[in-house]
Amino acid sequence: MNLPNYFLADLPPEAMLSPALITEACQTLKRNRERYLASRSTNSLAKVLSEVAKGWLQADNPFRKLALEVGPAKTGFSRETLSKGLDNFFRQLTPDNFQMLLIQEFGDAVSVTGDGCHVTREAVSSCHLPLVTRHFWRGPELLIHITAGNIPNPTLISIVFGLLARSAQFVKCASGASFLPRLFAHSIYDADSKLGACLEIAEWRGGNADLENVLFEEADCGTATGNDETLEAIRSRLPVKTRFLGYGHRVSFGFVTREVLSSFEARQIAARSAEDVVAWNQLGCLSPHVIYVQTGGEVSPEKFAELLADELEQREQTEPRGELPAEHAATIASRRSIYEIRAAHSPDATRHWCSKDSTAWTVIFEADARFQMSCLNRFVYVKGVKDLNEMLQNTEVVRGHVSTVGIAAPEDKTKELAMQLARWGATRVCQLGRMQNPPLTWRHDGRPALGDLVTWTDLET
Amino acid sequence: LSLRNDATFNTLALELFALQFKYNSAYRIICEAQRRTPEIVEHWTRIPAVPTAAFKELELTCLAPSERTAVFHSSGTTKQKQSRHYHSAESLKIYEAALWPWFEQNIFVNSEFRIQNSELLILTPPPAQAPHSSLVHMFETVRQKLNGAESVFVGKLTADDTWTLDFEAALVALNDNSKLKTQNPKLLLGTAFSFVHLLDFLAENNLRFRLPPGSRVMETGGYKKHSRTMPKDELHALITERLGIPQSYIVCEYGMSELSSQAYDLGALASHRRVSLLCSEQDAGGTPAFPGYVTRHFLFPPWSRVQIISPETNREVADGESGLIRVFDLANVFSVMAIQTEDLGVRHDDGFELLGRAQLAELRGCSLMTNSAIRNPQSAIA
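Cut-offs applied
- Residues numbered from 1 in each chain as written.
- Chains lettered and ligands numbered in written order.
- Predicted model: local features only at pLDDT ≥ 70, side-chain atom pairs only at ≥ 80, totals over all residues.
- Heavy atoms only, no water.
- Helix = DSSP H or I, 4+ residues; strand = E, 2+ residues; numbered from the N terminus.
- Buried < 20%, exposed > 50% of the residue type's maximum accessible area, 1.4 Å probe, protein only.
- Contact = heavy atoms within 4.5 Å.
- Areas by Shrake-Rupley, 256 points an atom, 1.4 Å probe, with all protein chains shown as cover.
- Phe/Tyr/Trp six-rings, centres within 6.5 Å; stacked < 30°, edge-to-face > 60°.
- Pairing = 2+ DSSP bridges.
- Axes fitted to C-alpha atoms, helices over the stretch in contact; angles between N-to-C directions.
- Parallel < 35°, antiparallel > 145°, perpendicular 65-115°, else oblique.
- Nonpolar A, V, L, I, M, F, W, Y, C, P; charged D, E, K, R; others polar.
- Left-handed = near helix turned anticlockwise from the far one by under 90°.
- Right-handed = clockwise from strand over helix to strand, strands pointing away.
- Arc of directions from axis to C-beta.
- Salt bridge = Lys/Arg side-chain N within 4 Å of Asp/Glu carboxyl O.
- pLDDT = per-residue confidence, 0-100.

Side note on the overall build of chain B
Within chain B, the regular secondary structure consists of eleven helices and 15 strands. Within the span of chain B, comprising 382 residues, buried residues form 55% of the whole. For chain B, the share of sequence-separated contacts (at least 6 apart) that also reach a separation of at least 24 residues comes to 68%. Of the accessible surface of chain B, which amounts to about 16100 Å², a share of 51% is contributed by carbon and sulfur atoms.

Set out below in structure tokens:
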């Protein structure tokens, strides 16, 4: 399948992007939005997106096929990892889930049906007449996304939200990271060319001021993913009128309570932990660096590490990690060698399990409970703690930078744990095994998912 | 007895391995854990290599505490755990005996100028200010070997103990041909980042030098956190432009505090020799853009061996493939002969090409939520 040249990212690599080209693209996007998108009903947009997603889940879908055939070379993920990651993503885009999202974000089903307005009636105590307020929301005219390269989901979901907000969108992908966003955009174009005409996908190495300045000038809202410096650099260059939504890097970890560490259950929980490590090769902000395991259960933290290693080995057979660039493999090998030395010198404090003849997966058990950044690509730490408090003390260094805590706990304890984690500052608590697979209603960094994009007008009558 | 002969090397390596196994207890534990002990290992390639990072955690030495008269630390900020390579008077003698002949052979290759006439300009702090730098010790050794040569250390320490340059002193040294009224060639020694500092300063002040014919540069090492990074070819082109030293007289060194021998890119010099015949030295100063930068291949001295190890399989890669550089250095008598670096290289039949460092930060001890850790989890180690 050859993709037509709809987007800048479709152009051959030798085609030079110029500021004039970017300006022209932005203006075309705005015109198209006015003609094709501004008056669309939210429901019809959700319907198109649900249909597109349904298509992606079909084995013979040309975009899916292309993603799985060419994707491994383009993205570094194995076919199986891609397939699972994309399936999990597109399964979320159903009419029901869109409905739930819109209710969550806009609070009233009226907004879903058509014109982006809804009505509330409030009894105002100071006067006897009920006050009727109509609320209108509108999305940005031109929404730009500056995306990071690690995994495709954040970019894809940004595109979805932007369409729901009826915004024209310019997606600037990190260099080498436009393949899947491009395919997704093509699939939207294929389903509804008018919507596709309100999308632009381009790729260049971040920091190209010539291109970015004209882009920033055209936008009225911008999202960006990246490290603090990148975000600050973008924020400082955006005009004041432009709303900026920056998503900094986050880390995540898991927590297993002692009650669920029976020898039977522990194996299942290890499998769920493996799921989170394997998903997108652990490269997302939602992937766990460390699995904290409470001591005192039937299965010890160290034994749990071994179970996790078994599971990762099994996953490697069905969902291989895929090849890594030499420098990333070298990082894993170098780090392993240090733990090997430590394990030789203090076998009680450090143990390591490694895939044979490859860097495909690594499990490190450490008695030292301090949070440890992983080098990712399926390299995970297991650490024992006596309770949640001890875990929180040891994760203090990443406090404020934590996205997800994946937990495995008895049902009656889950809520209390989640409350404590919420007070501590985690913005998402989920079941282990679902860390890298948030629902459509997930609030990125604890911010409104769709709500952050729109602007309201209140009309009081 | 030729060390280029593998059988000879093997015999010596196994002998040294047995000694280190016996006297270096931290190393012995590692070997035992790997089940590779002197009774089992029959070839030097099977001798357990110790990762450089282990020098930060363990006392990898055969020297009793009372015998240790010097210690070399890896460069890096003082906040990080530093690696410790202990030396005694005897081991320093070996270190010095190992560094000089290979230095001499590589730095003065193809030179019609007498070594003793070179004037030394060293871009590091002097030994008194950097007693734990193996590099400074090496430069000091060179200085002593070039007995009588004009020499000056123009590096200094900043308040937070990082290295910087005394630009005034550097300018004086670069200008100074007056003392002897001769045109002695100059030999500039320094780290890549010290040359960047110097070149930035020269550019800011719009200064250019044409150092006397035969002058040369030896630069080494990465940039770490010291300055902006600059690709080698750009750095070398600027050295040519600002100092008038042709590419063929710029030598790269690869070494580390955990080793006692150094590698130089002699192969590059050999290739450059042909190029410098084409564009003669005289006009090299005026043409900064060097045509056809040649990939430089490093070579360790005959008493060392290098293997490029696949990070995936832990086995040696084929020619032309990349992997982690492992060095077997017979001059590392009192520590560990077999060192596994975190540096990536490409294997070639005439040496290895240096690619860079695996992105390995500190394990423990540093504030791990520094920006860099959060910014790039793949590179951040705590």
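Let us keep going from here.
Notes on the packing of aromatic side chains
Here the structure, examined in full by the defined rule, presents 29 aromatic pairs over all chains. An angle of 85° between the planes, with centres 6.2 Å apart, marks the rings of A:F7 and A:Y189 as edge-to-face. Remark: A:Y189 occurs in helix α8 (residues 179-191) and A:F7 occurs in the segment before α1 (19-37); sequence separation between them is 182 residues. Judged by its relative accessible area of 2%, A:F7 falls in the buried class. Between B:F167 and B:F201, the aromatic rings sit 4.3 Å apart at their centres with planes inclined by 10°, giving stacked as the arrangement. Linking B:F167 in helix α6 (residues 167-175) with B:F201 in helix α7 (residues 192-204), this pair joins segments that are 34 residues apart in sequence. For B:F167, a relative accessible area of 25% corresponds to the partly exposed category. An aromatic cluster of three or more residues is present, and its members are A:W56, A:F63, A:F89, A:F90 and A:F184.

Quick notes on the sheet that holds strand β11 (residues 362-366) of chain A
Residue and element names in this part refer to chain A. Spatially, β10-β11-β12-β9-β8-β13-β14 is the arrangement adopted by the seven strands of the open sheet, whose pairing is mixed. Among the strands making up the open sheet, the edge pair consists of β10 (350-354) and β14 (428-431). Along the sheet, successive strands turn relative to each other by an average axial angle of 20°, direction set aside. Pairing of strand β9 (residues 288-294) with strand β12 (residues 379-385), which is carried by five bridges, proceeds in the parallel orientation. Looking at the pairing, Q294 lines up with V385 of β12. Against the sheet, helix α14 (residues 326-345) touches β10, β11 and β12, its axis set at about 140° to β10. Most of the contacts of helix α16 (residues 411-424) go to strand β13 (residues 402-408), to which it runs at about 160°, and overall it touches β8 (251-256), β13 and β14.

Digging into the packing of α14(A) against helix α2 (residues 25-33) of chain B
Direction vectors running N to C along α14(A) and α2(B) enclose 100°, while the axes themselves pass 9 Å from each other. With respect to α2(B), the element α14(A) is oriented roughly perpendicular. For the pair formed by α14(A) and α2(B), the contact residues are A:I341, A:A344 and A:H345 on the first element and B:A26, B:I29, B:I30 and B:A33 on the second. Counted by class, the contact of α14(A) with α2(B) contains six nonpolar, one polar and no charged residues.

Points about the packing of helix α4 (residues 79-91) of chain A against helix α7 (residues 153-164) of chain A
Residue and element names in this part refer to chain A. It is the contact of α4 with α7, at a shortest axis distance of 11 Å, that shows an interaxial angle of 25°. Judged on the interaxial angle alone, α7 and α4 are roughly parallel. For the pair α4 and α7, the sense of crossing is right-handed. Residues L86, F89 and F90 of α4 touch α7, and the partners they reach there are N153, L156 and I157. Here the residues of the contact of α4 with α7 are counted per class, giving five nonpolar, one polar and no charged.

Let's talk about the pairing of strand β7 (residues 243-248) of chain A
All names here are of chain A. Bridging between strand β6 (residues 221-226) and β7 involves six bridges; their strand directions are parallel. Looking across to β7, one finds that T223 is bridged to L245. As for the winding sense of the linkage, the β-α-β connection from β6 through helix α11 (residues 228-237) to β7 is right-handed.

A short note on α6(B)
Residue and element names in this part refer to chain B. Among all positions in α6, only A170, L171, A173 and L174 are buried. Seen along its axis, α6 keeps its buried residues to an arc of 165°; they face one direction. For α6, the exposed residues lying more than 90 degrees away from the buried face are E168, V172 and N175. Buried residues belonging to α6 abut β4 (119-122), β5 (151-153), β8 (186-191), α7 and α8 (232-243).

Topic: the pattern of salt bridges
A full pass over the atoms with the stated rule returns 35 salt bridges over all chains. Two residues, A:E275 and A:K84, come together in a salt bridge whose shortest N-O distance is 3.0 Å. Within this pair, whereas A:E275 is found in helix α12 (residues 263-278), its partner A:K84 is found in helix α4, the two being separated by 191 residues in sequence. Across the pair B:K232 and B:E219 runs a salt bridge whose closest N-O atoms are separated by 2.7 Å. Remark: B:E219 occurs in strand β9 (residues 216-220) and B:K232 occurs in helix α8; sequence separation between them is 13 residues. Using a relative accessible area of 27% as the deciding quantity, one classes B:K232 as partly exposed. Connected through shared salt-bridge partners, A:K84, A:E275, A:R315 and A:E319 make up one network.

Side note on the confidence of the model for chain B
Interpretation of this model should avoid reading the predicted coordinates in detail wherever pLDDT is low. All names here are of chain B. A residue-level look at chain B finds 77% of positions with pLDDT of 70 or above and a mean pLDDT of 83. Counting interchain partners and residues more than four positions distant, the pLDDT-below-50 stretch residues 271-293 has 30 contacts. For the stretch residues 361-382, pLDDT sits under 50, and the model shows 67 contacts to residues farther than four places along the chain or on other chains. Interface confidence in the predicted complex, given as ipTM, is 0.88; pTM for the same model is 0.89.

Considerations on the side chain of B:N332
Turning to its location among the elements, B:N332 is positioned in the loop between β13 (322-329) and β14 (338-348). Beyond its immediate chain neighbours, meaning those up to four positions away, B:N332 contacts B:L16, B:Q20, B:H85, B:E258, B:L259, B:S260, B:M337 and B:I339.

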